[in-house]
Amino acid sequence: MSSSEKMNALWSYANPRKFLAVTERLMPWLWILSGACLVIGLVWGFFFTPDDYRQGSTVKIIYLHVPSALMAINGWLMMLVMSLIWLIRRHHVSALAARAAAPVGAVMTVIALVTGAIWGQPMWGTWWAWDPRLTSFLILFLFYLGYMALWSAIEDPDTAADLTSVLCLVGSVFALLSRYAVNFWNQGLHQGASLSMDKKENVADVFYIPLLVCIAGFVLLFIALVFYRTGTEIRARRIRALQARERAGA
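What counts, and at which threshold
- Residues numbered from 1 in each chain as written.
- Predicted model: local features only at pLDDT ≥ 70, side-chain atom pairs only at ≥ 80, totals over all residues.
- Heavy atoms only, no water.
- Helix = DSSP H or I, 4+ residues; strand = E, 2+ residues; numbered from the N terminus.
- Buried < 20%, exposed > 50% of the residue type's maximum accessible area, 1.4 Å probe, protein only.
- Contact = heavy atoms within 4.5 Å.
- Areas by Shrake-Rupley, 256 points an atom, 1.4 Å probe, with all protein chains shown as cover.
- Core = buried A, V, L, I, M, F, W, Y, C linked by side-chain atoms within 4.5 Å.
- Polar contact = N/O pair within 3.5 Å; in protein donor to acceptor, adjacent residues only side chain to side chain.
- UniProt positions renumbered as here; feature names shortened; annotations may be inferred.
- Phe/Tyr/Trp six-rings, centres within 6.5 Å; stacked < 30°, edge-to-face > 60°.

Q: Residues and numbers for the overall build of the protein chain, please.
A: A count of helical and extended segments in the protein chain gives seven helices and zero strands. Within the protein chain, the proportion of its 250 residues that are buried is 42%. Contacts in the protein chain between residues at least 24 apart in sequence constitute 76% of all its contacts with a sequence separation of at least 6. Surface accessibility of the protein chain: about 13700 Å² in total, with carbon and sulfur atoms responsible for 67%.

Q: I'd like a rundown of the nonpolar core, residues and numbers included.
A: One finds Trp76, Met79, Phe137, Tyr144 and Tyr147 to be the most contacted residues of the largest nonpolar core, which totals 36 residues. Of all elements in the fold, only helix H3 (62-89), helix H4 (92-124), helix H5 (132-153), helix H6 (157-184) and helix H7 (205-249) reach the threshold of two or more residues within this core. Residues within four places of methionine 79 in sequence aside, it is in contact with Ala98, Ala101, Ala102, Tyr144, Tyr147 and Cys168. Ranked by size, the runner-up nonpolar core spans twelve residues in total, among them Leu20, Leu30, Ala224 and Ile234.

Q: An account of the side chain of histidine 65 is requested, with residue identities and associated values reported.
A: In this fold, histidine 65 is placed in helix H3. A residue is classified by how much of its surface remains accessible, and histidine 65, at 12% relative accessible area, is buried. In terms of polar contacts, histidine 65 uses its side chain to reach the backbone carbonyl oxygen of alanine 112, at 3.0 Å.

Q: Before we move on, could you go through unusual backbone geometry and cite the residues and values that matter?
A: For arginine 90, which is not a glycine, the phi torsion comes out positive at approximately 60 degrees. Topologically, arginine 90 is positioned in the loop between H3 and H4. With relative accessibility at 38%, the residue arginine 90 sits in the partly exposed group.

Q: Give a detailed account of the UniProt feature "transmembrane region" (unreviewed entry) in the protein chain, specifying residues and quantitative values.
A: Within this numbering scheme, the UniProt entry marks residues 26-48, 68-88, 100-122, 134-154, 166-186 and 206-228 as carrying the feature "transmembrane region" (unreviewed entry). Within residues 100-122, the helical portion is 100% and the strand portion 0%, while the C-alpha atoms at the span's ends are 36 Å from each other. Regarding residues 134-154, the helix share stands at 95% and the strand share at 0%, and the terminal C-alpha atoms are separated by 31 Å.

Q: Run through the packing of aromatic side chains, naming residues and quoting values.
A: Evaluated as defined, the whole model comprises five aromatic pairs. With 5.9 Å between their ring centres and 90 degrees between their planes, phenylalanine 19 and phenylalanine 227 make a pair best called edge-to-face. Here phenylalanine 227 lies in helix H7 and phenylalanine 19 lies in helix H2 (residues 16-47), a separation of 208 residues in the sequence. Following the ring pairs from residue to residue traces out a cluster consisting of Trp76, Phe143, Tyr144 and Tyr147.

Written as structure tokens, this is what we have:
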């Protein structure tokens with residue numbers, strides 16, 4: 001198969017019927033695998049790992065905080081990719097997938113902010129600080145809210161997709177800042193990355209494997225939710241199109 005044929009095969013999934021057919025077969029497995037990973041990872045992490053010698057039992061919030069923070073950032077980057085596909089190829093499924101991912105990413109951002117505050121209070125002595133990473137994460141959450149509000153405010157779906165795609169491009173700056181703020185600025189209370197290629201900075205081995213299991217669970221859950229919500233958006237779009245035809249024919 002040539003590269004052009006491979007690309008055509010890939011773009012065929014932008015067809016709503018094929019997308020629904022494939023995702024409906026995948027979703028039961030995604031729900032099962034995500035649930036299994038989350039149960040195993042959280043039980044393992046909360047009940048079968050020791051307390052940290054400096055942070056005590058509060059370190060176990062890592063099993064919720066780190067996966068949710070990763071998905072908050074990568075959820076926006078996934079929306080960026082879908083928005084670019086819409087702007088370049090005008091595939092409606094990509095625009096609807098970006099719209100579907102926004103509430104999921106917003107919830108992940110809230111989880112990351114709340115668990116970060118709970119984790120940070122005993123370590124820093126405050127629930128909130130205008131730390132570079134915390135501030136950029138809060139701004140990212142506001143971009144999620146703005147993205148969803150813009151979709152709801154514009155009646156024409158293609159115009160809404162165009163404008164929200166532009167907003168997504170701008171918000172991607174803060175998504176990247178949320179990921180790399182600690183590297184850009186040395187000041188701030190937030191610690192370095194919990195997962196790193198540098199063994200000195202990476203989380204201790206005893207916490208590492210259950211953390212990876214939790215991350216896998218969050219990734220699979222995010223994919224399942226986006227597939228489910230995208231299917232809902234596709235069906236809602238079809239209903240609106242049928243209603244418009246009926247009104248035009250009346």
